[in-house]
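Structural features, examined
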Amino acid sequence: MTDPAEKTVLVLQGGGALGAYQAGAYAALCDAGHMPSWVAGISIGAVNSAIIAGNPLERRVDRLREFWERVSSRLLGWPLANDDNSRRIFNETSATLAAVGGVPGFFEPRVPPPVFLPQGTPEAISVYDTTPLKETLLELVDFDLLNSGAVRLSIGAVQVLTGNMKYFDTVKQFVGPDHVMASGALPPGFPPIEIDNEPYWDGGLVSNTPLEYVLERTGPRQDMVIFQVDLFSARGCMPQTLFDIAQREKEIRYSSRTRLNTDIFREMQTIRRALRHLRGRVPQELCDRPRLAAARQRELRRCGHYPAPHSPACGILDTIQRLRVLALLHGRALARRCRGRRA
């Protein structure tokens, strides 16, 4: 069980069909007594997050299972044997069938193909129609419950015209099926989704994990225990086929981003601890200096212990700069003390 004083957060990445693993991971967390009060997701992680936040606790696992059984319902067979080659052939065949015929409850090929449709229309810039996904979401997700605040939901998408990341958060706005679909609108397969006249694509184009949003862009820091489900392995085998190359390239690309974000936040936390430790060693006569006082106020605001108007969270460079200021002031004070002793 987690500490009741801590907020339990579940962070779900993008990963296509690998999102089925997230459903099982959530079920395991529930069995272990970890009930998230905040779910954040991108791409297929946004779909799973919406199903979790948009259903009562006792129905979430069943709804997740229903969704994944529906989208995999055309895979009626199994590999002919249990060896790696048979599984590879089965996987490649399944992927080909999905590309040609679509996925039930998710997407279907456009007829006629986009090359024969008017330029500039959503139909001309996407291979598939995602209307089935919207119908599935409306069936499996109670959007009134999702927006009730029982479980916070945050999902990320990227603005097509600016390339900026945008998060839709139930704390700030109403989140509907279009917001969920925008987070998973991966081009050129899926069309961009318009929200308030702004087209959006899959948030994984910018960042495949919403961890940065949870830690850095949601106001004063709170005590949290965060479960991040990684779908891509940084380590792997040498590819043997073209299918293996595509899969391994995707694993490296997405796992490296996740590791980079996680390493940065771990380093930031180390710096913050050092900053608090160093602040306690600074002589009192230096504490009233404007630069040190300003750095202290910013840190207190970030931790939620100091009243301040809402402002963007300080980044790692600002944190390093504050640490440098404190180290410089502390070093100068020690130097003056040494000179005084020598005199």
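Look a little higher up for the structure.
Report follows, based on the coordinates. (Residues numbered from 1 in each chain as written. Predicted model: local features only at pLDDT ≥ 70, side-chain atom pairs only at ≥ 80, totals over all residues. Heavy atoms only, no water.)

**A closer look at the side chain of Asp 244**
Assignment of secondary structure puts Asp 244 in helix α9 (residues 242–279). Here the side chain of Asp 244 touches Gln 240 through a polar contact of 3.2 Å, landing on its backbone nitrogen. Apart from the residues lying within four places of it in its own chain, the contact partners of Asp 244 are Arg 88 and Pro 239. (Helix = DSSP H or I, 4+ residues; strand = E, 2+ residues; numbered from the N terminus. Polar contact = N/O pair within 3.5 Å; in protein donor to acceptor, adjacent residues only side chain to side chain. Contact = heavy atoms within 4.5 Å.)

**Quick notes on the packing of helix α1 (residues 19–31) against helix α2 (residues 44–53)**
Contact geometry of α1 with α2 gives a least axis separation of 9 Å together with a crossing angle of 35 degrees. Of the two elements, α1 crosses α2, and the hand of that crossing is right-handed. Residues Gly 19, Gln 22 and Tyr 26 of α1 form the contact with α2, whose own contacting residues are Ile 44, Gly 45, Asn 48 and Ile 52. Residue composition of the contact of α1 with α2, by class: 3 nonpolar, 4 polar and no charged. (Axes fitted to C-alpha atoms, helices over the stretch in contact; angles between N-to-C directions. Left-handed = near helix turned anticlockwise from the far one by under 90°. Nonpolar A, V, L, I, M, F, W, Y, C, P; charged D, E, K, R; others polar.)

**What to know about helix α3 (residues 60–71)**
Helix length check: α3 (12 residues) gives 17 Å between terminal C-alpha atoms against 16 Å at 1.5 Å per residue, within 8%. Looking at α3, one finds that the buried residues are Arg 60, Arg 63, Leu 64, Phe 67, Trp 68 and Val 71. Taken around the axis of α3, the buried residues stretch over an arc of 130 degrees, which confines them to a single face. As for α3, its buried residues are in contact with α1, α2 and α5 (131–140). (Expected span 1.5 Å × (residues − 1). Buried < 20%, exposed > 50% of the residue type's maximum accessible area, 1.4 Å probe, protein only. Arc of directions from axis to C-beta.)

**Describing the pattern of salt bridges**
Here the structure, examined in full by the defined rule, presents 6 salt bridges. The salt bridge involving Arg 65 is made with Asp 62; its shortest N-O contact spans 3.3 Å. With Arg 65 and Asp 62 both in helix α3 and 3 residues apart, this pair spans about one turn of that helix. When its relative accessible area of 43% is taken as the criterion, Arg 65 is described as partly exposed. Residue Asp 62 is classed as partly exposed on the basis of its relative accessible area, which comes to 47%. One salt bridge in this structure joins Glu 66 and Arg 63, with 3.1 Å as the shortest N-O distance. (Salt bridge = Lys/Arg side-chain N within 4 Å of Asp/Glu carboxyl O.)

**Focus: the environment of Phe 107**
By the element assignment, Phe 107 lies in the loop between α4 (84–101) and β3 (108–109). Using a relative accessible area of 13% as the deciding quantity, one classes Phe 107 as buried. For the pair formed by Phe 107 and Val 127, sequence separation is 20 residues and the distance between their alpha carbons is 9.7 Å. Filtering out sequence-adjacent residues up to four positions away, Phe 107 remains in contact with Ala 98, Gly 102, Tyr 128, Asp 129, Thr 130, Pro 132 and Phe 190.

**Examining the nonpolar core**
Counting 46 residues, the largest nonpolar core has Leu 10, Phe 67, Phe 106, Leu 137 and Leu 146 as its most contacted members. In terms of residue count, α2 provides more of this core than any other element does, 7 residues in total. Beyond its immediate chain neighbours, meaning those up to four positions away, Leu 137 contacts Val 47, Phe 143, Pro 177, Val 180 and Met 181. One finds Val 11, Ala 40, Leu 215 and Met 268 within the second-largest nonpolar core, a separate group that totals 14 residues. (Core = buried A, V, L, I, M, F, W, Y, C linked by side-chain atoms within 4.5 Å.)

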